[in-house]
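# Observations on chain architecture
One letter stands for each residue in the lines below.
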Amino acid sequence: MTESSSSKLLNGGARHRPANGAKAARNGSVKSRCLFQQQKYLRPRGKNNHVARNGGMYKKPFVEYFEETPLLVAVLTYMGYGILTIFGYLRDFLRDWKIEKCHVAREREEQKDFVPLYQDFENFYTRNLYMRIRDNWNRPICSVPGAKMDLVERVTHDYNWTFEHTGKVIKDVINMGSYNYLGFAENTGACAAAAAEATQRYGAGVNSTRREMGNLDKHEELEVLVARFLGVEASMAFGMGFATNSMNIPALTGKGCLILSDELNHASLVLGARLSGSAIRVFKHNNMQSLEKLLRDAIVHGQPRTHRPWKKILILVEGIYSMEGSIVRLPEVIALKKKYKAYLYLDEAHSIGALGPGGKGVVDYFGLDPRDVDIMMGTFTKSFGAAGGYIGGKKELVDYLRTHSHSAVYATSMSPPVAQQIIASMKCIMGEDGTNLGRERLQQLSENTTYFRRRLHEMGFIIYGNEDSPVVPMMLYMPAKIGAFGREMLKRNIGTVVVGFPATPIIESRARFCISAAHTREMLDTALTAISEVGDLLQLKYSRQKTPSLEEDAYLESQD
């Protein structure tokens, strides 16, 4: 992005006209060939699984798995939710007639005619479905959440409405759910020692904003290091990852601007887009045809009613989508962004530190120029074992956000030991600590990811996402199997995350595994054995696809 284009991003000076001289037809469509209308595939692996090679943009095969839900499983899943819904209404009827004890918050009798504080129908799912499997979430941890962790044992006597601690501790549970990609969630080692030293020197908190009395030398050191790590001119650190998105997007766009958002974007991106007051259009996940259609329509038609050109068009995407395990098609997104003169906001919360030869995220993974991404966002909560987030890009962009971002102006500064943890772990990844530990962890994460995904395929499970993504969703589908899977895995000393509707589509409930460089091969084998046992018990091995052989993978590599 040139200096002039950077300034336009901030002051809204950009105007969007039809690109490449394309003229609008009478029906409003643009008479030009879609840039990514024709894709080349090496070898399809099922209807929705492919290895895409598009116009030489990819330096290696781009392999993702999205096997369709088997028809019988889909029907049974809908039936399961239907039965649960019927029984839910029956239980609500019993609660209304005081036959069954009601644990939910309700309106007081004298306030029945007031505007309701509690929407019973909106909370129906929580009352009657979520509560039945609530014991799978919010489990208290009483140790470092590293490769292994200790859990506080708890029991419920009222069907998960309340819990009681038994006083016992479940020791050495293999942690397959935390975003501890590089294993920096630890209380020993150089990073922990540096954070402890920072606590001794600066204390635990700052008690002020950056613009007042909360700007420490550690914060400035961190921002210089992050900019150098990303390969951008400047960066800015924030104390909360969620607020990095939700508070900065409104500072970049506003009324008269258009945001094009991937349908699977994180809630922080969605909230930021809504708070901005910009018009929002949603394109299909990782679908470049859908994105280009929205871009062309936006340029041809302009704003609703007035048909004036949009002040800015901002594309919002993520590096790794945390619920799907897919990786953004960044080379194609950048090509579209350049063709239609839009701006690109890239959220690397899960990809920074976890992808690329140098751990620099999805830009590094594809070997692209960081300057082609207008706003680079990421968090320190995953690969760096800390907290907070960052924005990186042109110096003009960062200077603008320092004075216009609510998160910068009103939020308390990042805790000094947290900042030091990020500095120490980032220097380790970059090899500036004098060791090869960072490179070894990156290599270990890649090997663990490949091994774990291949073994799940061999066992016959349906898994989603890119073959290089450390986020591994395994499909459960039926609502009853969500709770059963989490409980059975914990019985085998494996801690997992299970996810269902409304966080996922109603027929795509899943277990989500997060692979870490701290996992040993023995830990992964133990987890895989437990997954296989529970899979047989719950009949979860739905996949009908053939596992790619080593010879087939060698063929794909030879075509690179």
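The protein is annotated in an unreviewed UniProt entry as serine C-palmitoyltransferase of Denticeps clupeoides. The UniProt entry for the protein carries this comment under Cofactor (unreviewed entry): "pyridoxal 5'-phosphate". Here is the UniProt Subcellular location (unreviewed entry) comment for the protein, exactly as written: "Endoplasmic reticulum membrane".

## Observations concerning the overall build of the protein
A tally of regular secondary structure across the protein gives 18 helices and 17 strands. Going through the 560 residues of the protein one by one, you find that 54% of them count as buried. For the protein, the proportion of contacts with a sequence separation of at least 24, taken over those separated by at least 6, is 70%. As presented, the protein carries roughly 26100 Å² of accessible surface, and 53% of it is formed by carbon and sulfur atoms.

## Remarks on a nonpolar patch on the surface
Among the surface-exposed residues, I83, I86, F87, L90, F93, W97 and I99 lie close enough to one another that they form a single nonpolar patch of about 810 Å² accessible area. Since its relative accessible area comes to 46%, F93 is described here as partly exposed.

## A look at the packing of helix α15 (residues 437–459) against helix α17 (residues 521–538)
It is the contact of α15 with α17, at a shortest axis distance of 11 Å, that shows an interaxial angle of 20°. As far as their axial angle goes, α17 and α15 are roughly parallel. Crossing angle aside, the handedness with which α15 passes α17 is right-handed. Together, N448, Y451, F452, R455, L456 and M459 of α15 and R521, L524, D525, L528, I531 and S532 of α17 make up the contact between the two elements. Grouping the amino acids of the contact of α15 with α17 by side-chain chemistry returns seven nonpolar, two polar and three charged.

## Side note on empty space enclosed by the protein
Here the idea is plain: a probe the size of a water molecule rolls over the atoms and shows the empty space left. Scanning all chains against the criterion turns up one cavity of 30 Å³ or more. Approximately 40 Å³ is the volume attributed to the largest cavity. Those elements giving two or more residues to the lining of the largest cavity turn out to be α2 (71–96) and α3 (124–128). Considered class by class, the residues forming the lining of the largest cavity number three nonpolar, one polar and four charged.

## Quick notes on the pairing of strand β11 (residues 375–379)
Of all five residues in β11, five are buried, a share of seventy percent or more. Both faces of β11 are covered, namely the face carrying I375, M377 and T379 and the face carrying M376 and G378. Alignment of strand β10 (residues 343–347) against β11, held across three bridges, turns out to be parallel. Looking across to β11, one finds that D347 is bridged to M377.

## Here's the deal with the sheet that holds strand β16 (residues 497–499)
In spatial order, the strands read β14-β17-β16; together these three strands make up an open sheet with antiparallel pairing. The two strands at the open ends of the sheet, each matched to only one other strand, are β14 (471–477) and β16. Between one strand axis and the next, the sheet turns through 25° on average, direction left out of account. The sheet contact formed by β16 and strand β17 (residues 509–514) spans three bridges and is antiparallel. Paired with V499 across the strands is R510, a residue of β17.

## As for the pattern of salt bridges
Inspection of every chain in the model, using the stated rule, returns 28 salt bridges. Its salt-bridge partner being R210, residue E223 comes within 3.0 Å of it at the nearest N-O pair. On the criterion of sequence distance, the pair formed by E223 in helix α5 (residues 217–230) and R210 in the loop between α4 (190–202) and α5 is long-range, its members being 13 residues apart. Side by side, E223 and R210 carry an identical accessibility label, which is buried.

## What to know about the sheet that holds strand β6 (residues 234–238)
Taken in spatial order, the seven strands of this open sheet run β6-β12-β11-β10-β9-β7-β8, and their pairing is mixed. In the strand order of this sheet, the two ends are held by β6 and β8 (279–283), each with one partner. The mean angle between the axes of side-by-side strands here comes to 20°, regardless of whether they run parallel or antiparallel. As defined by bridge partners, strand β7 (residues 258–262) adjoins β8 across five bridges and the pair is classed as parallel.

## Concerning the nonpolar core
The nonpolar side chains of a soluble globular protein tend to be buried with one another. With 106 residues, the main nonpolar core has F452, L456, M474, F485 and F513 as its most contacted residues. A total of eight residues in this core trace back to one element, the largest contributor, which is α17. For M474, the residues in contact, after removing those within four places along its chain, are L456, F461, I462, I463, F485, R510, A511, F513, I531 and L540. L316, Y343, M377 and L397 belong to the second largest nonpolar core, which has 21 residues in total.

## Some remarks on unusual backbone geometry
A cis amide bond links F501 to the next residue, P502, at an omega of 10°. The backbone of N286 shows a phi angle near 55°, a positive value even though the residue is not glycine. Examined against the element boundaries, N286 turns out to sit in the loop between β8 and α9 (288–301). Unlike most non-glycine residues, N493 shows phi in positive territory, near 65°.

## Side note on the packing of aromatic side chains
Taken as a whole and assessed by the stated rule, the structure comprises 16 aromatic pairs. Ring geometry for F229 versus F384: centroids 6.5 Å apart, planes at 80°, classification edge-to-face. Taken together, the residues F229 in helix α5 and F384 in the loop between β11 and β12 (389–393) connect sequence positions 155 residues apart. Each member of the pair F229 and F384 is classed as buried. Ring centres of Y365 and F366 lie 4.9 Å apart, and the angle between their planes is 80°; this geometry places the pair in the edge-to-face category. Note on accessibility: Y365 and F366 belong to one class, buried. Taking NZ or CZ as reference, R154 lies 4.1 Å from the ring centre of F163, over its face.

Parameters at a glance
- Residues numbered from 1 in each chain as written.
- Predicted model: local features only at pLDDT ≥ 70, side-chain atom pairs only at ≥ 80, totals over all residues.
- Heavy atoms only, no water.
- UniProt positions renumbered as here; feature names shortened; annotations may be inferred.
- Helix = DSSP H or I, 4+ residues; strand = E, 2+ residues; numbered from the N terminus.
- Buried < 20%, exposed > 50% of the residue type's maximum accessible area, 1.4 Å probe, protein only.
- Contact = heavy atoms within 4.5 Å.
- Areas by Shrake-Rupley, 256 points an atom, 1.4 Å probe, with all protein chains shown as cover.
- Patch = residues over 30% accessible without salt bridge, like charges linked within 9 Å, V, L, I, M, F, W, Y side chains within 5 Å.
- Salt bridge = Lys/Arg side-chain N within 4 Å of Asp/Glu carboxyl O.
- Axes fitted to C-alpha atoms, helices over the stretch in contact; angles between N-to-C directions.
- Parallel < 35°, antiparallel > 145°, perpendicular 65-115°, else oblique.
- Left-handed = near helix turned anticlockwise from the far one by under 90°.
- Nonpolar A, V, L, I, M, F, W, Y, C, P; charged D, E, K, R; others polar.
- 1 Å grid on protein atoms, 1.4 Å probe; cavity = no way out; pocket = protein on both sides within 12 Å on 5 of 7 lines; lining within 4 Å.
- Points joined across faces, edges and corners; volume = space filled by probe spheres on them.
- Pairing = 2+ DSSP bridges.
- Core = buried A, V, L, I, M, F, W, Y, C linked by side-chain atoms within 4.5 Å.
- Phe/Tyr/Trp six-rings, centres within 6.5 Å; stacked < 30°, edge-to-face > 60°.
- Lys NZ or Arg CZ within 6 Å of the ring centre and 35° of its normal.

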